[in-house]
Amino acid sequence: LSEQTDLLGRAGEWMAAAIDRCFEDDGGTLWIVDYKTTADALPANAIAGYVERCRQEYTRQLQLYARLMALDRPGHPIRTALYLAEPDRLDELRAG
């Protein structure tokens, strides 16, 4: 219960989490990947800003997913990333 309280900030409440992609690589690291799409193609000069906005908006969500998965995998490495369909880019988010 204390771990749930730390994660959610409220004791005893459930949360739903939909992880888009989760896999273990050959080295035993668990990867959690969240897919992001856009309605329209991005012009080349907008890609850097889009990537940064996605990083800012979704880092906390992926950190929460990592903490939830760590409850089932204590001591095992977990890495998180965004897959940005437009511009076809995998962007790893560092823990922190």
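Residues numbered from 1 in each chain as written. Predicted model: local features only at pLDDT ≥ 70, side-chain atom pairs only at ≥ 80, totals over all residues. Heavy atoms only, no water.

Asks: Would you mind going over unusual backbone geometry in detail, with residue names and values included?
Replies: One non-glycine residue, Asp 88, lies in positive phi territory at about 55°. The class for Asp 88 is exposed, based on a relative accessible area of 57%. (Buried < 20%, exposed > 50% of the residue type's maximum accessible area, 1.4 Å probe, protein only.)

Asks: Talk me through the nonpolar core; I want residue IDs and the actual numbers.
Replies: Within the largest apolar cluster, 12 residues are counted, these being Ile 32, Leu 42, Tyr 50, Val 51, Cys 54, Tyr 58, Leu 62, Tyr 65, Ala 66, Leu 82, Leu 84 and Leu 93. Of all the secondary structure elements, the ones that give two or more residues to this core are helix H2 (47-72) and strand E3 (78-84). For this core, the leading source of residues is H2, giving seven residues. (Core = buried A, V, L, I, M, F, W, Y, C linked by side-chain atoms within 4.5 Å. Helix = DSSP H or I, 4+ residues; strand = E, 2+ residues; numbered from the N terminus.)

Asks: Hey, could you go over the pairing of strand E4 (residues 89-93) for me, with residue numbers and the actual values?
Replies: Here five bridges tie E3 to E4, and the two strands are oriented antiparallel to one another. Across the sheet, Thr 80 pairs through a bridge with Leu 93, a residue of E4. Between E3 and E4, which pair antiparallel in sequence order, lie four residues; one of them, Asp 88, sits at a positive phi of approximately 55°. (Pairing = 2+ DSSP bridges.)

Asks: I'd like a description of the sheet that holds strand E1 (residues 21-24), backed by residues and values.
Replies: Taken together, the four strands give an open sheet; going across it, the order is E1-E2-E3-E4, and neighbouring strands pair in mixed fashion. Either end of the sheet is taken by a strand with one partner, and the two such strands are E1 and E4. Ignoring which end each strand starts from, the neighbouring axes of this sheet average 25° apart. One ladder, built from four bridges, connects E1 with strand E2 (residues 30-36); its direction is antiparallel. Bridge pairing in E2 places Cys 22 opposite Ile 32. This element, H2, spans E1, E2, E3 and E4 of the sheet and lies at about 145° to E3. (Axes fitted to C-alpha atoms, helices over the stretch in contact; angles between N-to-C directions. Contact = heavy atoms within 4.5 Å.)

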